[in-house]
Amino acid sequence: MPEASTKKQIDVVGAVIVRDGLVLSAQRGRGSLAGRWEFPGGKIESGETARAALEREILEELECEIQVGDEVTSTTHEYDFGVVTLTTFLCTLISGTPKLTEHTDIVWLPAGELAGLDWAPADLPAVEIICDVLG
């Protein structure tokens, strides 16, 4: 019988922000995945819905307001620091211009160019779906 993982379970959300046919990608600035690309977002706090967490995280990280739309996918990936379940949502930028407060870089790319970035593993399934749907 396989041994159950004793690693910390971390539930996070990511925003697939689309503007003028381009998708926002953010490069992680620190931590074990520094330099990897991700859909911006963060941890779901206790008592918070995934959509509310995403709105809060984008306001904190990018100083922007978003409208959270349909779920893209939910995936689980085991890292050395824990088991991450990432749920991504299609989002629309309502106000603000994304600012670098936690990331080292952000880029707006056509969906077909997303695969050229070095993505965090948990984000890869969402990247593939976005490329298929919007690419």
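Attention in this report is confined to the structure presented alongside it. Everything numeric in this text was worked out from a predicted model, so none of it was measured.

1. Side note on the packing of aromatic side chains
Step number 1: Under the defined criterion, the tally for this structure stands at two aromatic pairs.
Step number 2: Pairing Phe-39 with Trp-119 gives two aromatic rings, centres 4.7 Å apart and planes at 40 degrees, and the pair type is tilted. One end of the pair, Phe-39, is in the loop between β3 (37-38) and β4 (41-43); the other, Trp-119, is in the loop between β7 (103-110) and α2 (124-134), and 80 residues separate them in sequence.
Step number 3: The exposure class assigned to Trp-119 is buried, which follows from its relative accessible area of 3%.
Step number 4: Ring geometry for Tyr-79 and Phe-81: centres 5.0 Å apart, planes at 10 degrees, overall stacked.
Step number 5: Taking the relative accessible area as the measure of exposure, Tyr-79 reaches 9% and is therefore buried.
Step number 6: Sitting over the face of the ring of Trp-108, Arg-19 holds its NZ or CZ atom 4.0 Å from the ring centroid.

2. Thoughts on α2
The periodicity of an α-helix, 3.6 residues per turn, causes residues three or four positions apart to be oriented the same way.
Step number 1: Buried within α2 are the following residues: Ala-126, Val-127, Ile-130 and Cys-131. Seen along its axis, α2 keeps its buried residues to an arc of 135 degrees; they face one direction. Facing away from the buried side of α2, by more than 90 degrees, are the exposed residues Glu-128, Asp-132 and Val-133.
Step number 2: For α2, the elements touching its buried residues are β1 (9-19), β2 (22-28), β5 (65-78) and β6 (83-95).

3. A word on the nonpolar core
Step number 1: Counting 16 residues, the largest nonpolar core has Ala-15, Ile-17, Leu-54, Ile-58, Ile-66 and Cys-91 as its most contacted members.
Step number 2: Within the residue set of this core, elements represented by two or more residues are β1, β2, α1 (50-62), β5 and β6.
Step number 3: Ranked by residue count, the leading element in this core is α1, at four residues.
Step number 4: With residues near it in sequence (within four places) discarded, Ala-15 still touches Phe-39, Pro-40, Leu-54, Ile-58, Ile-66, Phe-89 and Cys-91.

How each quantity is defined
Residues numbered from 1 in each chain as written. Predicted model: local features only at pLDDT ≥ 70, side-chain atom pairs only at ≥ 80, totals over all residues. Heavy atoms only, no water. Phe/Tyr/Trp six-rings, centres within 6.5 Å; stacked < 30°, edge-to-face > 60°. Helix = DSSP H or I, 4+ residues; strand = E, 2+ residues; numbered from the N terminus. Buried < 20%, exposed > 50% of the residue type's maximum accessible area, 1.4 Å probe, protein only. Lys NZ or Arg CZ within 6 Å of the ring centre and 35° of its normal. Arc of directions from axis to C-beta. Contact = heavy atoms within 4.5 Å. Core = buried A, V, L, I, M, F, W, Y, C linked by side-chain atoms within 4.5 Å.

None of the figures reported here should be taken as evidence of function without further support.
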